[in-house]
Protein chains: 2
Amino acid sequence: MNRRKLLQLLSKGAAAGAFVKLSGGLAQSKIPQGATDTMKVLGTTLREYGERSEFEKDVIRYISPNLRSRHTGASFSPLEKLEGIVTPNSLHFERHHAGVPNVNPADYRLVIHGMVERPLMFTLQDLKRLPSVTRTYFIECAGNGQNGYRNPPDMTLTATRSRGLVSNSSWTGVPLSILLKEAGLKEGARWLIPEGQDAAAYTRSLPLEKALDDVLVAYAQNGEAIRPEQGYPVRLVVPGWEGSIQVKWLRRIQVTDTPVMSKDETSEYTDVMADGKIYAFTWVMDPESIITYPSGLQQISRGFHEIRGLAWSGHGRIRRVEISLDGGKTWKQASLEPAPDALSVVRFKYNWVWDGRETVIMSRAWDEKGNTQPTQEEFFAKWARNNRYHYNAIQAWRIGADGKVVNGDKTLAGAPARLGAVGRGGCGGES
Amino acid sequence: MNRRKLLQLLSKGAAAGAFVKLSGGLAQSKIPQGATDTMKVLGTTLREYGERSEFEKDVIRYISPNLRSRHTGASFSPLEKLEGIVTPNSLHFERHHAGVPNVNPADYRLVIHGMVERPLMFTLQDLKRLPSVTRTYFIECAGNGQNGYRNPPDMTLTATRSRGLVSNSSWTGVPLSILLKEAGLKEGARWLIPEGQDAAAYTRSLPLEKALDDVLVAYAQNGEAIRPEQGYPVRLVVPGWEGSIQVKWLRRIQVTDTPVMSKDETSEYTDVMADGKIYAFTWVMDPESIITYPSGLQQISRGFHEIRGLAWSGHGRIRRVEISLDGGKTWKQASLEPAPDALSVVRFKYNWVWDGRETVIMSRAWDEKGNTQPTQEEFFAKWARNNRYHYNAIQAWRIGADGKVVNGDKTLAGAPARLGAVGRGGCGGES
C-alpha cells in the first residue's frame, strides 16, 4: 500500500474531525512498562455457560421501591447503561399482571379454535417445524413515559425511569397467518382472542387484519428460548403495537366476530382525551426518542462527547432524529445507525463539544409517515391530563455548569402533578 | 375489511403451501377445558436480572472431555439449539490461550504507541465518549471445522461439534481509524501489534490497511458490556477475519513497519498446502454453512420440516445458499433471512416434506465475490492433509429411514484420520 492510498484511507476511516483530543499527548516515558496483574496469573477456565464480569453487576432493571406487589408491576430496562440496539434478555423490561408462570415446555399446547374450519392444537415441537421468521422489533408498554412526566419535574429522573419500558429483540417464530390458514377461517371471522396461561388468564382482542399481516407466534428471543418474563415458551409478537396486546405464555387463540372487551382493553389500556372522550383499541405506539448519554444523574466534563440515544415508532421506520442543544430553539440532525427492521429501535448519535456552559439538550424522532413527538404542552392539549398511556412528549436533559445532568423538563402551569393522577392507578409508573 | 381483502391477506401471509398439516383436525370435544396448573397460582415476581427457564438449562457450550487444560482450549456454541442469528452472550464460543483475565475497568488503559506522532493512553470512559459504531459481525476460530473432519466420519458428530466455533454479535466500539488519526501515523508505519492483557500476553500483527478500514475497538456486545470470555472490557473486532487476530483484553497497540512474527502467527494459525508450502497471514474466513435442523443426533418424523441453518463468509455478503436433498446430486436454493450487515451470519431456510426414505442433506454457501464451499475431496486437493485451519468443506447429514440424523460425510480413501494429524496439535479440535 502506498502512502497516498494510506492517507486516503485515513481520511475515509476517520470521523469528520468534529471531536477534540481526549487524552492529549503521552510522553514516551509515561507509557506503562511491564505486565498488568492479570498477566501474571492464569485466568479462569472455559465454562459451559457464561456470566457477566463481576464489575458489571450494577447493571440491573429498575424496580420501584413503592410497588405494592411485585407480581403486578413493571421493571425497567437500564437504557443509559446499554449500547447499540439489542436489549440483553436478562435486562428486557417486565410487565406482569399476576407474576411469571413456570411453564413446562413438554406440557405446552397452543389451541386455535372458535370460528375456524378445523380447531387445531400444536405442541412446541410442532410450532418449531413450521416456516419461521426472525425479525427485530421493539416492544413497549403503553404506560412507558409516566415517570418521565411529573409536574414539577422529578429532578432524580434517569433515562431508565423516563423510558425504560421499551426493549428491542430479534424475535423468531411462526407467522400467525400460517396457523390461521391451517385452521381455515369461517365466514364472518374478524377478531382473535389470545389468552395467556398466567394466573390473570390475561386476555385481549386482536383484529384479524393485523394478525394476518405481521404477527408472530414467537418462541425465541435474541437467539435463545424466550425468557420466562417475556412469555416462555410462546408469546405473541405484534410489531409496533403496545406491549399489552402481545400476549405472553400464549395458550389459546379463539377466532370470533367481535372483540371480547376484556378488563385490559376497557378499564385499563384506554386513553382519556382532553374533550372527555375515552378511546379504546389505541394500539399503535407513536414515535418516541430518549437521549441515553448524557442523561439524568450522569456527570460529564468539557470537551467532545458523542450524544447517543434511542428512537422508535410503531407507525414505521424512523427517518430522522433531531437534537437540540439550546432547549428547543434550534434543531440539528443526528446520524442513525442502520436498523435491521422498520419496527426496530434505532440508535442515534450526534458529535458534540461541550463548552462548559449550562444548557438543555433534547431529541425528537420522525417516522416515515411524518409523525413526530409533541412537546409536553402539545401532548396535554390533545390528551387528558388524567390519561396515563401513550405519553410520547420530548424528554429534555439539563446540563449544569458543573457537568451534572438532570431532568430538563419545564414546570407546566395548571398541569397535573403526574399522569393518571385522577382516579386511576399506574402500570408504567412507580405508583 | 371485506372477505376479498381478507382472503388476499391470507394468501399473502401464508407460506407457499409447501408444508403439510402437522396437527390435523381437533374435535371440539378434545379442546382442553379449564385452566392449566400455572393459572391457579401467582407466578414469580419482578427481578432485577433475569434468568433462563429451568427447562432450558441443558442449552450450554460444548467442552471436550479430552481437553488437557481448560485454560487453553475452546468451548463451542450450541448451534442446533439456537434460532435466528444472535448468539446469546452466555453461549458465544470461547477460545483462550491462558484463561480469562479478570480486568477491573477502573484500572483499564489502552495505549497506542510506536511509530506515531503522539503516543496516547485512553481510559474506558475516554473510549466511550468517542464516536461509536454498532455492527453485526461473526467471529470464527480459524480452527473451526476440525471436529467436522474425521476419516472415517465421526458418527456422533453434532452441528455444535462440527462448526460451533463461530458466533455472531452486534458489536459496539470506536473505529480504530479514529484512534490512529488522533495518534498521527509516522511515515513508514505499516503494521499494528495489538497485545492482550491475559497471561499469554497474546500478540498478533494486523496490517494497517485493514485497521483503517473497518476494525473496531469494541466495548459492548449485544447491547451490554463485553463478557469476560470475549475480552472484557475492550477487544479488537476485525470483521470477517479469523478470530485469533481479534485480540481480547486489549492493552496496547504498537505501530510498526514490520509484523512481529509472534508464536500465534508462525507456529500456530498458519496453513500447510498440498504442495508443501506453508502460508502465514491467511486471515480472511472463506464461506461456510451448516444445517442446524435437522442435524447430527436429532430425530425427525415424516412430513413437513423447515430445514434451517447458518451461513457466513469473511469475503462479503452471503448471496445464495443451496440445499441438496439427494447427497449432492441436485441443488435447490434456500431462502435467506435479511442480515443486518454483510459480514454477519445469515439464517437460511428451506421448506421440505420428508417422505420417510433415507437420504443425505447438505448445504453450501456462495458469497458476493463468487466464492463457495468445496467438497472434502476438493478441500484436500488444495490444502495439505495435516493442515488444521480454514476447513470449510460441505457438511452432510444422513437421515435414516427411522428418522435418526447422523454425520453424512463419506470415508475418503487415502485421507488422514483427522485434520492436523501430522505433528501438530489442535485449537478447534477436541485434541
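It should be emphasised that the depicted structure is a prediction, and the values quoted were computed from it without experimental measurement. For every chain, the first residue of its written sequence is number 1, and the numbers climb from 1 along that sequence. Note on labels: chains are lettered from A, ligands numbered from 1, in written order. pLDDT decides what is reported in this predicted model: residues at 70 or higher carry local features, side-chain atom pairs at 80 or more are listed and counted, and totals for whole chains, interfaces and linings draw on all residues regardless. Heavy atoms from the whole structure form the basis of all side-chain values; hydrogens and water molecules are not counted.

Undergrad: Talk me through the overall build of chain A; I want residue IDs and the actual numbers.
TA: The helix and strand labels rest on DSSP assignments: H or I over at least four residues marks a helix, E over at least two residues marks a strand, and numbering proceeds from the N terminus. On a plain count of helices and strands, chain A comes out with six helices and 24 strands. Taken against the 2.2 N^0.38 rule, which gives 22 Å for 431 residues, the C-alpha radius of gyration of chain A at 24 Å falls within 12% of a compact globule. Along the first, second and third principal axes, the C-alpha set of chain A runs to 80 × 60 × 45 Å. Residue burial in chain A is summarised as follows: out of 431 residues, 64% are buried. We call two residues in contact whenever any of their non-hydrogen atoms come within 4.5 Å of each other. Looking at chain A alone, contacts between residues at least 24 apart form 73% of all its contacts between residues at least 6 apart. Counting only carbon and sulfur atoms, one obtains 51% of the accessible surface of chain A, whose full area is about 15,300 Å². Under the convention used here, Asp and Glu are negative, Lys and Arg are positive, and both His and the chain ends fall outside the count. Just so you know, the charge point we use is NZ for Lys, CZ for Arg, CG for Asp and CD for Glu. Averaging the coordinates of the 55 positive side-chain charges in chain A and doing the same for the 46 negative ones gives two points 4 Å apart. Throughout, the radius of gyration refers to the C-alpha atoms, and the reference size of a globule is 2.2 Å times the residue count to the power 0.38. Residue exposure (1.4 Å probe, protein chains only): buried if accessible area is under 20% of the type maximum, exposed if over 50%, otherwise partly exposed. Only the protein chains shown count as cover for residues, and all accessible areas are computed by the Shrake-Rupley method using a 1.4 Å probe.

Undergrad: Lay out the domain arrangement of chain A in plain terms, naming residues and giving numbers.
TA: Residue and element names in this part refer to chain A. In this entry, domain limits derive from an automatic or database-based domain assignment. Taken as a whole, chain A is organised into domain 1 (74-278) and domain 2 (288-407). Computed from C-alpha coordinates alone, the two centres of domain 1 and domain 2 are separated by 27 Å. Listed as interface residues are 41 residues of domain 1 and, on the opposing side, 38 residues of domain 2. Between domain 1 and domain 2, the buried area comes to about 3,300 Å², and carbon and sulfur atoms account for 56% of it. Here a salt bridge means any side-chain nitrogen of Lys or Arg lying within 4 Å of a carboxyl oxygen belonging to Asp or Glu. The interface formed by domain 1 and domain 2 includes four salt bridges. Arg135 is the partner of Asp341 in a salt bridge, and the nearest nitrogen-oxygen pair spans 3.9 Å. Counting of polar contacts relies on pairs of N or O atoms within 3.5 Å, with two restrictions inside protein: one atom must be capable of donating a hydrogen and the other of accepting it, and residues adjacent in sequence are counted only when both atoms are side-chain atoms. In this structure, the connection of domain 1 to domain 2 is made through 19 residue pairs in polar contact (both at pLDDT 80 or more). Every element with two or more residues in the side of domain 1 that touches domain 2 is listed here: β6 (133-140), α3 (159-163), β7 (166-175) and β14 (271-272). Ranked by residue count, the leading element in the side of domain 1 that touches domain 2 is β6, at five residues. Only Asp, Glu, Lys and Arg are considered charged in this grouping, and only Ala, Val, Leu, Ile, Met, Phe, Trp, Tyr, Cys and Pro are considered nonpolar; every other residue, Gly among them, is considered polar. A per-class count over the side of domain 1 that touches domain 2 returns 17 nonpolar, 14 polar and 10 charged. The buried area of a pairing is the accessible area, by a 1.4 Å probe, that goes missing from both parts when the two are put together, added over both.

Undergrad: An account of the UniProt feature "domain: Moybdenum cofactor oxidoreductase dimerisation" (unreviewed entry) in chain A is requested, with residue identities and associated values reported.
TA: UniProt positions are given in the numbering used here, feature names are shortened, and annotations may be inferred rather than shown by experiment. Annotation from UniProt places "domain: Moybdenum cofactor oxidoreductase dimerisation" (unreviewed entry) at residues 282-395 of chain A. Annotated as residues 282-395 of chain A, this span is 6% helix and 39% strand, and its ends, taken at the C-alpha atoms, are 22 Å apart.

Undergrad: Describe helix α4 (residues 176-183) of chain A, with residues and values.
TA: Residues and elements named next belong to chain A. Most of α4 is tucked away, with seven of its eight residues classed as buried. The set of residues buried in α4 consists of Leu176, Ser177, Ile178, Leu179, Leu180, Glu182 and Ala183. Following α4 by one or two positions, Gly184 adopts a phi angle in the positive range, close to 80°.

Undergrad: Describe the pattern of salt bridges, with residues and values.
TA: With the rule as written, the count across this model stands at 48 salt bridges over all chains. We note a salt bridge from Arg47(A) to Glu229(B), for which the minimum N-O separation is 3.5 Å. With one member in each of two chains, Arg47(A) in the loop between α1 (3-13) and β1 (62-63) and Glu229(B) in the loop between β11 (224-225) and β12 (235-237) form a pair that bridges those chains. With a relative accessible area of 28%, Arg47(A) lands in the partly exposed category. A residue is classified by how much of its surface remains accessible, and Glu229(B), at 1% relative accessible area, is buried. In this structure, Lys210(A) engages Asp214(A) in a salt bridge whose closest nitrogen and oxygen atoms are separated by 3.1 Å. On the basis of relative accessibility, which here comes to 19%, the residue Asp214(A) falls in the buried class.

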